[in-house]
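What follows is the residue order along each chain.
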Amino acid sequence: MAVFTEGMPCWADAQLPDLAAGKRFYGDLFGWTYGRDAGEQHGHRTDAFLDGKRVAALVPKRDGRMPTTWGVYFATDDIVRTARKIGEAGGQVITAPVPVGRSGTTALAADPGGAVFGLWQKGEQAGFEVRNEPGSFCWTEVYTREKDAVDRFYAEVFGFQGTALPDEAIDYLLWSPAGTEPGEDTAIGGRSVITDAFPAEMPGHFLVYFSVADCDATAEAVTRLGGRVTAPPFDIPYGRMAVLTDDQGAAFAVLAEPGAASGAPGRPGE
């Protein structure tokens, strides 16, 4: 079983209005196959697999007012304690901890800037069974307008240690787990800032990244499959990335980096 230390991104799912369409889109894009419908009790969640290993889940939206979005979940050894810390640190628990069969226990929360994320306390399932390989999760970052409050929040809740990028023109903080040496080598996520370059109505949110072998080819495939390219492929110090939207409106990013196929960790930092 994969080991996820406190605060590590351990799972991601997409809330979609049309589950069948989502399965076709990501099946064509990433080569995912799918498990059985988890049933009404678990929201008809369907796990996605890459070469037989769990990489994510697709979930049909129960309420049309809910956003169509990719969400990320952070690992915790004690979900009740973490939920309490979220409230004490200025965040909000949206849904209280609830068991997901024997798989584990989950909850949804929001940080002081309004970005929604999940918690996961493992049972029989720890989370991702493969990461940092083409077609699987490799990175996440929160975009916020409340950077000071948000930086304090994640430090208090998960013990994240922040490292600023060397480029002072980019307001970005790399997150390293508690007990590690802060820096690029240990980073598991990051905090970015919603600047004037973004729409004024954009709320705080997380962006989920998937590793790909070819960023440009993936962006072209997204367009062919009915999605949109929000930020065309561009180079960053960690490889080549793009921000995309699927054919139902869920945003995600892709990163092609040296060593992606061999499982090197992705640290977009932008």
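Residues numbered from 1 in each chain as written. Predicted model: local features only at pLDDT ≥ 70, side-chain atom pairs only at ≥ 80, totals over all residues. Heavy atoms only, no water.

### Things to note about unusual backbone geometry
Spelled out, the test is: A helix here means a DSSP run of H or I that spans at least four residues, while a strand means a run of E at least two residues long, and both kinds are numbered starting from the N terminus. Each residue's exposure class comes from its accessible area (1.4 Å probe, protein chains only) as a fraction of the maximum for that residue type: buried when under 20%, exposed when over 50%, partly exposed otherwise.
One non-glycine residue, Asp 51, lies in positive phi territory at about 55°. Mapping Asp 51 onto the fold places it in the loop between strand S3 (46-50) and strand S4 (53-60). Here the phi dihedral of Asn 132 falls at roughly 65°; this positive angle occurs in a residue that is not glycine. The residue Asn 132 is located in the loop between strand S8 (116-122) and strand S9 (137-144) in this model. You can call Asn 132 buried: its relative accessible area is 13%.

### Some remarks on helix H1 (residues 19-30)
Note the following rule: How far a helix is expected to stretch is found by multiplying one less than its residue total by 1.5 Å. Within 3.5 Å is the distance limit for a polar contact, defined as a pair of N or O atoms, with the added protein rule that one can donate a hydrogen and the other accept it, and that residues adjacent in sequence qualify only through two side-chain atoms.
For H1, which comprises twelve residues, the first-to-last C-alpha distance of 16 Å matches the rise-based estimate of 16 Å (1.5 Å per residue) to within 8%. Capping of H1 at its N-terminal end is provided by Asp 18; its side-chain oxygen lies 3.2 Å from the backbone amide nitrogen of Ala 20. Positive phi shows up at Gly 31, right after H1, with a value of about 75°.

### Some thoughts on the nonpolar core
The nonpolar side chains of soluble globular proteins are, as a tendency, buried together. The following threshold applies: In plain words, nonpolar cores are sets of buried Ala, Val, Leu, Ile, Met, Phe, Trp, Tyr and Cys residues tied together by side-chain atoms within 4.5 Å. Contacts are assigned to residue pairs that have any heavy atoms within 4.5 Å of one another.
Residues Trp 32, Trp 70, Phe 117, Tyr 154 and Phe 252 are the most contacted members of the largest nonpolar core, which totals 62 residues. When near neighbours in sequence (up to four residues on either side) are disregarded, Phe 117 contacts Val 72, Phe 74, Ile 86, Ala 107, Leu 108, Ala 109, Ala 110, Asp 111, Phe 153, Tyr 154, Phe 158 and Phe 206.

### Looking at the confidence of the model for the chain
Let me state the cut-off plainly: A residue's pLDDT is the confidence the predictor assigns to it, expressed on a 0 to 100 scale.
Put simply, the chain has an average pLDDT of 91, and 92% of its residues get 70 or more. Counting contacts from residues 260-270, a segment whose pLDDT is below 50, to residues more than four positions away or on other chains yields 41 contacts.

### Regarding the pairing of strand S7 (residues 104-110)
Our working rule: Should DSSP find at least two bridges between two strands, the strands are regarded as paired.
Across the seven residues that make up S7, a large majority, six, are buried. Bridging between strand S6 (residues 92-100) and S7 involves six bridges; their strand directions are antiparallel. From the neighbouring strand, Val 98 faces S7, where its bridge partner is Thr 106. In sequence, S6 turns back onto S7 through a hairpin of three residues, with Gly 101 there showing a positive phi of about 55°. As paired strands, S7 and S8 are joined by seven bridges and run antiparallel to one another. The residue bridging Thr 106 from the neighbouring strand is Trp 120, located in S8.

### Here we look at the sheet that holds S7
We apply this condition: Interaxial angle, 0 to 180 degrees, is taken between N-to-C directions of lines fitted to C-alpha atoms, where a helix line uses only the stretch in contact.
The mixed open sheet is built from eight strands, whose spatial order is S2-S3-S4-S1-S5-S8-S7-S6. On the outer flanks of this sheet lie strand S2 (33-34) and S6, each paired with one strand and no other. In the sheet, S3 pairs with S4 via five bridges, with the strands oriented antiparallel. Bridge pairing links Ala 48 to Ala 56 in S4. H1 rests against strand S1 (9-16), S2, S3, S4 and strand S5 (69-75) of the sheet, and its axis sits at about 150° to S4. Contacting S5, S7 and S8, helix H3 (residues 147-158) crosses the sheet at an angle of about 10° to S8.

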